Amino acid sequence: MVRSHILVCGGTGCHSSGSDKLYTLFESELAAAGLGDEVKVIKTGCFGLCALGPVVVVYPEGAFYSQVGAEDVKEIVTEHLLKGRLVKRLLYTETVAEDTILSLDSTDFYRKQKRVALQNCGVIDPEDINEYVAYDGYMALAKVLTEMKPEDVVAEILNSGLRGRGGGGFPTGTKWKFAAAQPAGEKYVCCNADEGDPGAFMDRSVLEGDPHCILEAMAIAGYAIGASHGYIYVRAEYPIAVKRLRIAIAQARETGLLGGNILGSGFDFDVDIRLGAGAFVCGEETALLNSIEGRRGDPRPRPPFPAVKGLFGKPTIINNVETLANIPRIILNGADWFAAMGTEKSKGTKVFALGGKINHTGLVEIPMGTTLREIIEEIGGGIPDGKKFKAVQTGGPSGGCIPAQHLDIPVDYDNLTAIGSIMGSGGMIVMDEDNCMVDIAKFFLEFTVDESCGKCTPCRVGIRRMLEILEKITAGQAVPEDLDTLEGLCYFIKENALCGLGQTAPNPVLSTLRYFRDEYDAHVREKRCPAGVCKKLLSYTIDPEKCRGCTLCARNCPTNAISGELKKPHVIDTAKCIKCGACIDSCKFAAIYRR
Amino acid sequence: MKSLAELQALRDEMKTKIGVRKDGGHRMRVVVGMATCGIAAGARPVFAAFIKEIETRKLTDVVVAQTGCIGICQFEPVVEIYGEGGEKTTYVYVTPEKVPRIVAQHVVNGTPVVEYTIGANAK
Ligand SMILES: Cc1cc2nc3c(=O)[nH]c(=O)nc-3n(C[C@H](O)[C@H](O)[C@H](O)COP(=O)(O)O)c2cc1C
Ligand code: SF4
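Below is a summary of the structure that appears in this document. Bear in mind that the values here come from a model prediction, so they are computed numbers and not experimental data.

**As for the overall build of chain A**
No. 1: In terms of helices and strands, chain A carries 24 helices and 17 strands.
No. 2: Computed over the C-alpha atoms, the radius of gyration of chain A is 27 Å, within 12% of the 25 Å expected from 2.2 N^0.38 for a compact globule of 595 residues.
No. 3: Counting only C-alpha atoms, chain A reaches 90 × 65 × 40 Å along its principal axes.
No. 4: Looking at chain A as a whole, 57% of its 595 residues qualify as buried.
No. 5: Intrachain contacts of chain A at a sequence separation of at least 6 include 69% that bridge at least 24 residues.
No. 6: Counting every atom, chain A has about 22800 Å² of accessible surface; 50% of that belongs to carbon and sulfur.
No. 7: Measuring between centres, the 66 positive side-chain charges of chain A sit 6 Å from its 75 negative side-chain charges.

Take a look at the structure:
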């Protein structure tokens, strides 16, 4: 007899803030209170509000406790579960009303969200196939196998308007149609779970919170194109995701939902995992195929496209994790249901990993067409510390920075491309007045230079030259002509690099040049970093009017660059100063300036 | 598992086990007063009886919850049943033996068991 469920978030965010310990503590406290048989503790996937983790939700009340510490467990057990009294001080404040708790759906963070790909994350126990089945899991596969012909499945996905969520936005139905049209024989379904963009964790959260939906979707794809084998390519840096996938595959095989003659239909399908070693370029589909085959993860020229000649030379479809997560829901609810969400050319929802200078760091899923302003100001809760918004970066190292004047555009593939960024896979990093846009562009370029596989010259040499120019700019050594060279390189590399990595690497530079040219100019012409980030352009001075000669700064300076007599104004020797800022932090009279 | 029917059977069985995890959308809420006074008067077996009865009848749209002291300790164990529109019926001196009838007559068929309510017992 179980009367209450305690859901403890087991996503990576909450895991690293100690949710594992909470799980065991709840079990022992419940046992001590004699409630072990009545209350069940379940480890789920991500709830999305990672900034407030560890998150614990108690049903049937639906009480959402945030930032739960080990010391709070006993109180939740004795107060809430034994005596039926909510522990108000731990409830997420937006859900607390006079004498009841409000539904999570009524909070700013969740109200505008629509959970499709994430529908089971934070709801089910990802390590229990039965819980997935309880939420209609594998029903889409059953429907496909018993009621639909492969071409019906392809048509349904085509009609839904689903486009690839891995970054490219290619229509999924079209991809499946190409592969299905290839002559029968060996074919493959691959799931791209390489997710390497800095700041992105959408796919990881789906795998951790709902691994079975990926297996189900791959089986459906296999049925649609005539494949009986699938590979999930997942990076080894995602240990929780890998573990849950392994458990899911074992359970699905044991239950007969993977393997031979699934549900008595005569259709066979099985899935294996391949671990990636964490090279960004291995997320590029042809490099991924090489890597699965056991070769070096270098991209191959296309055509031939993988749908024609892919893994082991056979027709192959490669789909992103989030793309696949939508598949079972489209099959069960119908293409029209899916196509009713979103904008004209971008249907459905998109998951974003919100990060940077934003209050609600976490995972959000919104219908396409939601504006950036709604995502940042309402769902994300705005910028912390009353700072001013400067830009939002989407698409990671392949994307661009979007300034305040474009915040009201509805988010979809075409709109983001039109303003010089891309939808990308879903990283969304918010920046405020303290971020230097040249420094941001340099950050992403350092990443792509590191991750370039070196196979083609425009990328191997070209983006390195770009980085060198950016380093000159941020060091105050650039001349105005450097900006023209930089821009010229951008266009050349975009056109001539072999794979997507090189072709999109200039985007962060191009978009910041387009919207924040004044910041580049300040660095180049005035040798000044307006945001005060680029160290080499900063200088520290002490205002003799304000300095009381307390000697505190001199004692805190690690390089002894500050001198002066007691009770007389001090001075900084700029030759010795390493611009660490320790003096500013130590001065009690605000007498030191950074310019 | 070898057929769609087996999958459906497993789903239906599992659905009843996770019914408590629904955010809203319940047709009815059965709330048992489980403060010290309620527990001392025997609320725990009553609570258990409700859960069992709701589970055997597979009433996935009904939730059984506990609450603190309702404030009428002399009538414990007290059980309140909330309908969809928020209308409330208060049962007093509830025992496990009374539970099947309350569930059958009130929760399933919508007619409160008047003789067990506070109205009939407060005089
Ligand atoms: C450098 C590079 C890295 C990529 N990384 C990923 C990735 O981590 N995950 C992903 O799904 N797609 C990634 N892609 C896109 C894939 O090449 C491919 O378009 C995608 O997996 C197709 O699936 P979809 O149509 O479902 O989006 C990357 C592309 C490039 C050029
Ligand atoms: S563009 Fe860069 S990553 Fe892609 S093949 Fe060329 S060198 Fe390798």
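**Structural notes on the site of ligand 1**
Residue and element names in this part refer to chain A.
No. 1: Within the structure, ligand 1 sits among 18 residues, and Gly-166, Glu-195, Asn-319, Asn-320 and Thr-323 are positioned closest to it.
No. 2: In this structure, an oxygen atom belonging to ligand 1 sits 3.3 Å away from a main-chain N or O atom of Arg-165.
No. 3: Separating an oxygen atom of ligand 1 from a side-chain N or O atom of Asn-319 is a distance of 2.8 Å.
No. 4: Here ligand 1 has 600 Å² of accessible area as a free molecule, and 89% of this is covered by the chains.
No. 5: Secondary-structure elements contributing two or more residues to the shell around ligand 1 are strand E8 (316-320) and helix H20 (500-504).
No. 6: Looking at which element gives the most residues to the shell around ligand 1, the answer is E8, with three residues.
No. 7: Split into classes, the residues belonging to the shell around ligand 1 amount to three nonpolar, nine polar and six charged.

**Here we look at the site of ligand 2**
No. 1: Neighbouring ligand 2 are 13 residues; Cys453(A), Lys455(A), Cys456(A), Cys459(A) and Cys499(A) lie closest to it.
No. 2: Here the shell around ligand 2 is composed, by residue class, of nine nonpolar, three polar and one charged.

**A short note on the interface of chain A and chain B**
No. 1: Opposite the 39 residues of chain A that make contact, chain B presents 29 residues.
No. 2: Approximately 2900 Å² of surface area, both sides summed, lies buried where chain A meets chain B, with 58% of it carried by carbon and sulfur atoms.
No. 3: Counting across the chain A and chain B interface gives three salt bridges.
No. 4: Across the salt bridge formed by Asp136(A) and Lys15(B), the nearest N and O atoms sit 3.6 Å from each other.
No. 5: Our count for the chain A to chain B interface comes out at seven residue pairs in polar contact (both at pLDDT 80 or more).
No. 6: For the side of chain A that touches chain B, the elements supplying multiple residues, two or more each, are strand E1 (4-9), helix H3 (73-83), helix H5 (129-134) and helix H6 (139-147) of chain A.

**Comments concerning the sheet that holds strand E4 (residues 88-91) of chain B**
All names here are of chain B.
No. 1: Pairing in this open sheet of four strands is mixed, and the strands run E2-E1-E3-E4 from one edge to the other. One side of each edge strand has no neighbouring strand; the edge strands of this open sheet are strand E2 (62-67) and E4. Each strand axis lies, on average, 20° off the axis of its neighbour in the sheet, ignoring direction.
No. 2: In this structure, strand E1 (residues 28-33) lies alongside strand E3 (residues 79-82), joined through four bridges in antiparallel fashion. Pairing of Val-30 across the sheet is with Ile-81, part of E3.
No. 3: The strands that helix H3 (residues 43-56) touches are E1, E2 and E3; relative to E2, the one it contacts most, it runs at about 165°.

Rules and cut-offs
- Residues numbered from 1 in each chain as written.
- Chains lettered and ligands numbered in written order.
- Predicted model: local features only at pLDDT ≥ 70, side-chain atom pairs only at ≥ 80, totals over all residues.
- Heavy atoms only, no water.
- Helix = DSSP H or I, 4+ residues; strand = E, 2+ residues; numbered from the N terminus.
- Rg over C-alpha atoms; globule rule 2.2 N^0.38 Å.
- Buried < 20%, exposed > 50% of the residue type's maximum accessible area, 1.4 Å probe, protein only.
- Contact = heavy atoms within 4.5 Å.
- Areas by Shrake-Rupley, 256 points an atom, 1.4 Å probe, with all protein chains shown as cover.
- Lys, Arg positive; Asp, Glu negative; His and termini not counted.
- Charge placed at Lys NZ, Arg CZ, Asp CG, Glu CD.
- Near = heavy atom within 4 Å.
- Polar contact = N/O pair within 3.5 Å; in protein donor to acceptor, adjacent residues only side chain to side chain.
- Nonpolar A, V, L, I, M, F, W, Y, C, P; charged D, E, K, R; others polar.
- Buried area = accessible area lost by both parts, 1.4 Å probe.
- Salt bridge = Lys/Arg side-chain N within 4 Å of Asp/Glu carboxyl O.
- Pairing = 2+ DSSP bridges.
- Axes fitted to C-alpha atoms, helices over the stretch in contact; angles between N-to-C directions.

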